[in-house]
Amino acid sequence: MYYYDYYPFWAGFFYSLGIELVTSSPTNRGIMEAGLKKASDDTCLPIKVLVGHLQAFKGVDAVFIPRLVSVEQKTYLCPKILGLPESVLGAVPEGIPVLTLNVNMREGRRSFLKELEKFGVQLGKSRGQIHQALSEAYKWLRHYEYLRKEGWDFEESISCFDQIMDKSTGDRIKKADNNTGTDELSYPEQDNRPTIALVGHSYLTYENYSNMNLLQKLKQKANLKVIENVKLEEIEAQHMSLRKKIFWSHAKKIFGAGNSYVSNLEVDGIIYLSCFGCGTDSLINDILARNARISHKPYMVITLDEHTGEAGVVTRLEAFVDMIERRLNNETNLSSYGECLDRNSSIV
Ligand code: SF4
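Residues numbered from 1 in each chain as written. Predicted model: local features only at pLDDT ≥ 70, side-chain atom pairs only at ≥ 80, totals over all residues. Heavy atoms only, no water.

Okay, the overall build of the protein next. Of regular secondary structure, the protein possesses 15 helices and 8 strands. With 348 residues in all, the protein has 49% of them scored as buried. In the protein, 71% of the contacts between residues at least 6 apart in sequence involve partners at least 24 apart. Only carbon and sulfur atoms are counted for the fraction: they give 50% of the accessible area of the protein, which is about 18,000 Å². (Helix = DSSP H or I, 4+ residues; strand = E, 2+ residues; numbered from the N terminus. Buried < 20%, exposed > 50% of the residue type's maximum accessible area, 1.4 Å probe, protein only. Contact = heavy atoms within 4.5 Å. Areas by Shrake-Rupley, 256 points an atom, 1.4 Å probe, with all protein chains shown as cover.)

As structure tokens, then:
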């Protein structure tokens, strides 16, 4: 589930321990259908996709499914992710053992290290080897986060890790170690196109099969902003407007980035990519939609499930971009029903 967030961390960890890491192939129709058949109807699309991926493994010695409880202080992950090692056990092909460990950063790094040491016993590795692997894992993660902020997409960013695992040298790793990585993620901008922000869970926005290549389609029509463009301090600051901080990790980022885009005059519209049956999305979407309405910011929700058709997504995307372009070209006109089209004004 957190592959797009933490794959380099675990890749670095296992690489340092001399354990070969195999990932399933990108999602395809077979994987999706296998997931739909096996997963509970009540669960959300990303979990169904995961169940499909698990069934695709053949010829591996073990499957690694970490239990992600909390990945930063004062936040938790969605209960469906907390219960993953047990809830998807039935999808793992017979005879393949499941390796798991708890990741609970609410209890601090020391407790995480202890958990890794226990995990190391299962892998037959010493404490020293685990400590070394942890430091390598953080190094890979920092490098990955730097590349994402530099504007590299997911595949480009992880290609250098794959090269390292293939035993070729990775000069680019050195570059990241010396860089604080504060530059913003940016795609080449064309001034005559609208700027649209896409927010949502990483396992939806970067999962090309599930979202029907939405990211690529959007990049063809508009200048794109994503969650990674918003600095962490800005995300935190956006929560000051709430009576209570959001304590789900992804939801916190989605709200912080989305709310920052609501008040960002350079952003012409916001798309929230959500999935049917997601509890956290239903809450965050409602808050963002209200704030967008107050600020007269065009806002659209695309809700994905296994029945979503590509034609429907494309039509909605085109209509949204057309509407924004017309607004940008005619915003000083008054509409026939008297609503002011000035995007920066709340005057009716
Ligand atoms: S946060 Fe939403 S999409 Fe993610 S696992 Fe939970 S219910 Fe599913």
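All right, on to the site of the ligand then. Around the ligand, the neighbouring residues are Met1, Cys44, Pro46, Cys78, Lys80, Ile81, His201, Tyr203, Cys275, Cys278 and Thr280. Taken together, the residues of the shell around the ligand break down into 8 nonpolar, 2 polar and 1 charged. (Near = heavy atom within 4 Å. Nonpolar A, V, L, I, M, F, W, Y, C, P; charged D, E, K, R; others polar.)

Relative to the helices and strands, Leu134 resides in helix α7 (residues 127-149). Taking the C-alpha atoms as reference, Leu134 lies 8.4 Å from Leu116; in sequence the two are 18 residues apart. Each residue touching Leu134, except ones within four places of it in the same chain, is listed here: Phe9, Phe13, Phe112, Leu113 and Leu116.

Note that Thr43 resides in the loop between α2 (29-38) and α3 (45-55). The exposure class assigned to Thr43 is buried, which follows from its relative accessible area of 15%. Ignoring anything within four residues of it in the chain, the contact list for Thr43 reads Lys48 and Lys80.

The parallel open sheet is built from 4 strands, whose spatial order is β6-β5-β7-β8. At either end of the open sheet lies a strand with only one pairing partner, and these are β6 (223-226) and β8 (299-304). Neighbour to neighbour, the strand axes of the sheet diverge by 25° on average, direction disregarded. Contacts from helix α11 (residues 214-221) reach β5 (195-200), β6, β7 (269-275) and β8 within the one sheet, and its direction differs from that of β5 by about 165°. (Pairing = 2+ DSSP bridges. Axes fitted to C-alpha atoms, helices over the stretch in contact; angles between N-to-C directions.)

A few words on the state of the cysteines. Within the structure shown, the criterion is met by 0 disulfides. Just so you know, Cys275 is unpaired, no disulfide at all, and the nearest cysteine sulfur is the one on Cys44, 4.8 Å from it. (Disulfide = S-S within 2.5 Å.)

Within an α-helix, residues lying three or four positions from one another point in the same direction, as the helix has 3.6 residues per turn. With respect to burial, α3 is a largely interior element, 10 of its 11 residues being buried. Here α3 has its buried residues at Leu45, Pro46, Ile47, Lys48, Val49, Leu50, Val51, Gly52, His53 and Leu54.

At a minimum axis distance of 9 Å, the contact between helix α6 (residues 109-123) and α7 shows a crossing angle of 125°. The angle between α6 and α7 falls in the class oblique. The crossing of α6 and α7 is right-handed. On the side of α6, the interface is formed by Arg109, Phe112, Leu113, Leu116, Glu117 and Gly120, while α7 contributes Arg127, Ile130, His131, Leu134 and Tyr138. Taken together, the residues of the contact of α6 with α7 sort by class into 6 nonpolar, 2 polar and 3 charged. (Parallel < 35°, antiparallel > 145°, perpendicular 65-115°, else oblique. Left-handed = near helix turned anticlockwise from the far one by under 90°.)

Let's shift gears to the environment of Cys278. For Cys278, the location among the structural elements is in the loop between β7 and α14 (279-294). When the C-alpha atoms of Cys278 and Leu45 are compared, they prove to be 8.8 Å apart, with 233 residues separating the residues in sequence.

Glancing now at the side chain of Arg193. With respect to the helices and strands, Arg193 occurs in the loop between α9 (171-177) and β5. One buried charged residue, Arg193, forms no salt bridge at all, with the nearest opposite charge on Glu325 at 7.6 Å. Of the polar contacts made by the side chain of Arg193, one reaches the backbone oxygen of Gln220; its length is 3.0 Å. Among the polar contacts listed, one links the side chain of Arg193 to the backbone oxygen of Ala222, at a separation of 3.2 Å. (Lys, Arg positive; Asp, Glu negative; His and termini not counted. Salt bridge = Lys/Arg side-chain N within 4 Å of Asp/Glu carboxyl O. Polar contact = N/O pair within 3.5 Å; in protein donor to acceptor, adjacent residues only side chain to side chain.)

A complete count under the given rule lists 22 aromatic pairs for this structure. When the ring of Phe9 is compared with that of Trp10, the centres are 5.0 Å apart and the planes differ by 85°; the resulting orientation is edge-to-face. Aromatic pair Phe9 and Tyr138: ring centres 5.2 Å apart, planes at 75°, arrangement edge-to-face. With a gap of 129 residues between them, Phe9 in helix α1 (residues 3-16) and Tyr138 in helix α7 connect regions that are remote in the sequence. With relative accessibility at 6%, the residue Phe9 sits in the buried group. (Phe/Tyr/Trp six-rings, centres within 6.5 Å; stacked < 30°, edge-to-face > 60°.)

Across the interface, α7 lies against helix α8 (residues 154-165) with an axial gap of 8 Å and an inter-helix angle of 145°. Every pair of crossing elements has a handedness; the one defined by α7 and α8 is right-handed. Between α7 and α8, the residues in contact are Trp140, His143, Tyr144, Leu147 and Arg148 and Phe154, Ser157, Ile158, Cys160, Phe161, Ile164 and Met165, respectively. In terms of residue class, the contact of α7 with α8 is made up of 9 nonpolar, 2 polar and 1 charged.

Turning our attention to the pattern of salt bridges. A complete count under the given rule lists 12 salt bridges for this structure. With its nearest N and O atoms 4.0 Å apart, the salt bridge here joins Lys139 to Glu136. Residue Lys139 and its partner Glu136 are located together in helix α7, separated by 3 residues, close to a single helical turn. By relative accessible area, Lys139 is classed as partly exposed at 28%. On the basis of relative accessibility, which here comes to 16%, the residue Glu136 falls in the buried class.

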